[in-house]
Amino acid sequence: MRFIARYAKELKDCFEVVTIYDTKILKEQIDKSKPIIKSISNIYPSAIWFERKMQDDFGIIAEDAFDTRALIQHEHFPTNIHPLRKDFKEKSLQNAKFKEYKYEVIDGDGVFGVAVGPIHAGIIEPGHFHFSQSGERMLHLEVRHFYKNRGIEKMLEGKTLQEAKPMVERISGNESIAYQICLRDIMLKSSNSNLPLGLKSYHAFLLELERVIHHLTDLGFIPNDAGFGAALAYCSKLSEDARRVMQTLTKSRFGFGAIDFTTHFTNKEFLKSWIGNLKEDIDYFNSWIIDIPSLWDRLDTTGVLSKANAIKYSTVGVVARASGVDIDRRDDPFYKDSGFIKALQKSEDVAARFKLRILELKNSLVMMEHFLESSSDTLDIKECKDGEYYSFAESSIGEIFMAIDIKNGVIDRFFVRDPSFINWQALHLMMTKDIIADFPLINKSCDLSYAGNDL
């Protein structure tokens, strides 16, 4: 049974903790005066961030958890403040007295620490990486994020689904289409509406276009982090071309506002020509890059995540499939009829994550050609009904899970689990056989989101 997510909500007389598995949903109600629940982190290690988040957000204690440190609440956050409780109405908070955060470290003769971030030399988002080192060798890594929590879960309370859309689609810029598809599916379920095939195909085209953009970006940056900058130059041109296609179709380079119930394809001949040219470019790139032994010396056997650990830590997306885990939300009749072929790798390393993206990129282009053959449809969405709704989408990073409770026509509880929230927790497992100079390469091979991780 695969663990997907764990989150809390506040009901009138109690808290409710919802645990999502691939085969069932478990709901447990707990007393507000004694908010304690049994931890599942000893069975599912990646549940620990969810449980630490519940502690920060609601004050719910996970009994027997192996880590009870604050997750989102940093050193100056006031004690006994739980922002997702219904009685929390503050617009700002005063810094409290500094509370030390004790990192996981390895002690011993010759062992020392290296702190990287949260401010980085590159133009990237804030994240802290705390290494225990013996010379160049990485003994342990602790990942610490949540420097830019935006309060999205709280902000969306009291809004209609349509009012929430501009914020939801901007949670993570490299997954905007996937987030919009999750919200779309909840709109459909809550209004008991069926999506016409033409719209479904157009939306799927945009989702694959988003995947193409980010896989191309990664196929450039991974070799660049191994010292082969020519790949970055080549793939940057291709990803920019794809980004401009997104701009042409949606009037946004990121696809903001793209998923609605009226827009459909324009200029199909241009899109077919662009896809055909990109297929040739990828074939050339593949034949070129595969014949550079010095590059593969860096990629092969670096950053290994065993299949057993990938399953144990409930990983998703590229990270999981590159370790041989058979999981992809597109594995359904609609996508299969459109030419979907699930890509898997077995070597479990950076090389596997690189090769997997090439396979997925090629398959995305095949499906996009098929989606172009669809008709133009529209849908008049009906009124959304109160209830609890769940949805999934396979972003370029992996599986997104979204849950929305609607009460009196507006959002009562919004929760989303980005694939990065799971996969960041497995990153440390990839480091222990490599040197610290390999860290940027390993990290980039996973291409995890900071913003999607930190709501």
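Residues numbered from 1 in each chain as written. Predicted model: local features only at pLDDT ≥ 70, side-chain atom pairs only at ≥ 80, totals over all residues. Heavy atoms only, no water.

A closer look at the overall build of the protein chain
Okay, step 1: Scanning the protein chain from terminus to terminus reveals 14 helices and eleven strands.
Okay, step 2: Here the C-alpha radius of gyration of the protein chain, 22 Å, is about what a compact globule of 455 residues would show, namely 23 Å.
Okay, step 3: Considered along the principal axes of its C-alpha atoms, the protein chain spans approximately 65 × 65 × 40 Å.
Okay, step 4: Within the protein chain, contacts between residues at least 6 apart in sequence are counted, and of these 66% link residues at least 24 apart. (Helix = DSSP H or I, 4+ residues; strand = E, 2+ residues; numbered from the N terminus. Rg over C-alpha atoms; globule rule 2.2 N^0.38 Å. Contact = heavy atoms within 4.5 Å.)

Some points on the sheet that holds strand β3 (residues 25-31)
Okay, step 1: With antiparallel pairing, three strands are arranged side by side in an open sheet as β1-β2-β3. Unpaired on one side and paired on the other, β1 (3-10) and β3 mark the two borders of the sheet. Within the sheet, the average angular offset between the axes of one strand and its neighbour, ignoring direction, is 15°.
Okay, step 2: Sheet topology places β1 next to strand β2 (residues 14-21); seven bridges connect them, and they run antiparallel. Across the sheet, arginine 6 pairs through a bridge with threonine 19, a residue of β2. (Pairing = 2+ DSSP bridges. Axes fitted to C-alpha atoms, helices over the stretch in contact; angles between N-to-C directions.)

Here we look at the pattern of salt bridges
Okay, step 1: With the rule as written, the count across this model stands at 47 salt bridges.
Okay, step 2: The shortest N-O distance in the salt bridge between lysine 38 and aspartate 64 comes to 2.5 Å. In this pair, lysine 38 sits in strand β4 (residues 36-38) while aspartate 64 sits in the loop between β5 (61-63) and β6 (111-116), placing the two residues 26 residues apart along the sequence.
Okay, step 3: A salt bridge links arginine 330 to aspartate 328; the shortest N-O distance between them is 2.9 Å. Taken as a pair, arginine 330 and aspartate 328 share a single burial class, namely buried.
Okay, step 4: Through salt bridges with shared partners, a single ionic network connects Glu208, Arg211, Arg321, Asp328, Arg330, Glu360 and Glu394. (Salt bridge = Lys/Arg side-chain N within 4 Å of Asp/Glu carboxyl O. Buried < 20%, exposed > 50% of the residue type's maximum accessible area, 1.4 Å probe, protein only.)

Some remarks on helix α5 (residues 197-225)
Okay, step 1: Compared with an ideal rise of 1.5 Å per residue, which puts 29 residues at 42 Å, α5 spans 42 Å between its outermost C-alpha atoms and is within 8% of the ideal.
Okay, step 2: Burial runs high along α5: 23 of the 29 residues are buried.
Okay, step 3: Of the residues trailing α5, glycine 227 is marked for its positive phi of about 95°. (Expected span 1.5 Å × (residues − 1).)

Overview of the packing of aromatic side chains
Okay, step 1: Under the criterion given, the structure shown has 33 aromatic pairs.
Okay, step 2: Among the aromatic side chains, those forming a connected cluster through ring pairs are Phe3, Tyr21, Tyr44, Trp49, Phe50, Phe146 and Phe421.
Okay, step 3: Against the face of phenylalanine 256 rests arginine 170, its NZ or CZ located 4.3 Å from the ring centre.
Okay, step 4: One cation-aromatic arrangement involves arginine 243 over phenylalanine 254; the distance from NZ or CZ to the ring centre is 4.8 Å. (Phe/Tyr/Trp six-rings, centres within 6.5 Å; stacked < 30°, edge-to-face > 60°. Lys NZ or Arg CZ within 6 Å of the ring centre and 35° of its normal.)

Here we look at the sheet that holds strand β8 (residues 137-144)
Okay, step 1: Pairing in this open sheet of three strands is antiparallel, and the strands run β6-β7-β8 from one edge to the other. The open sheet is flanked by β6 and β8, the only strands paired with a single partner. Here the strands of the sheet are splayed against their neighbours by 20° on average, with no regard to which way each runs.
Okay, step 2: Summarising the sheet, β6 and strand β7 (residues 128-134) pair through six bridges and their orientation is antiparallel. Across the sheet, phenylalanine 112 pairs through a bridge with glutamine 133, a residue of β7.

Looking at the domain arrangement of the protein chain
Okay, step 1: Segmentation of the protein chain into domains returns domain 1 (3-102), domain 2 (105-144) and domain 3 (152-454).
Okay, step 2: Here the C-alpha centroids of domain 2 and domain 3 sit 28 Å apart.
Okay, step 3: Contacts between the two partners involve 15 residues from domain 2, matched on the other side by 13 residues from domain 3.
Okay, step 4: When domain 2 packs against domain 3, close to 1,300 Å² is buried across both sides, 72% of that on carbon and sulfur atoms.
Okay, step 5: Considering only the side of domain 2, the residues that lose the most area to domain 3 are Glu125, Met138 and Leu141, jointly responsible for 43% of the buried surface there.
Okay, step 6: Taken together, domain 2 and domain 3 are joined by zero salt bridges.
Okay, step 7: Run the count over domain 2 and domain 3 and you get three residue pairs in polar contact (both at pLDDT 80 or more).
Okay, step 8: Mapped by element, the contributors of at least two residues to the side of domain 2 that touches domain 3 are β7 and β8.
Okay, step 9: At six residues, β8 tops the list of elements feeding residues into the side of domain 2 that touches domain 3.
Okay, step 10: When the residues that make up the side of domain 2 that touches domain 3 are grouped by side-chain class, the tally is nine nonpolar, three polar and three charged. (Domains from an automatic or database assignment. Buried area = accessible area lost by both parts, 1.4 Å probe. Polar contact = N/O pair within 3.5 Å; in protein donor to acceptor, adjacent residues only side chain to side chain. Nonpolar A, V, L, I, M, F, W, Y, C, P; charged D, E, K, R; others polar.)

Thoughts on the packing of α5 against helix α14 (residues 439-446)
Okay, step 1: At their nearest, the axes of α5 and α14 sit 9 Å apart, and the two run at 170° to each other. Between α5 and α14, the crossing angle belongs to the class labelled roughly antiparallel. Listed contacts from α14 to Asp218, Phe221, Ile222 and Asp225 of α5 are Pro440, Leu441, Lys444 and Ser445.
Okay, step 2: In terms of residue class, the contact of α5 with α14 is made up of four nonpolar, one polar and three charged. (Parallel < 35°, antiparallel > 145°, perpendicular 65-115°, else oblique.)

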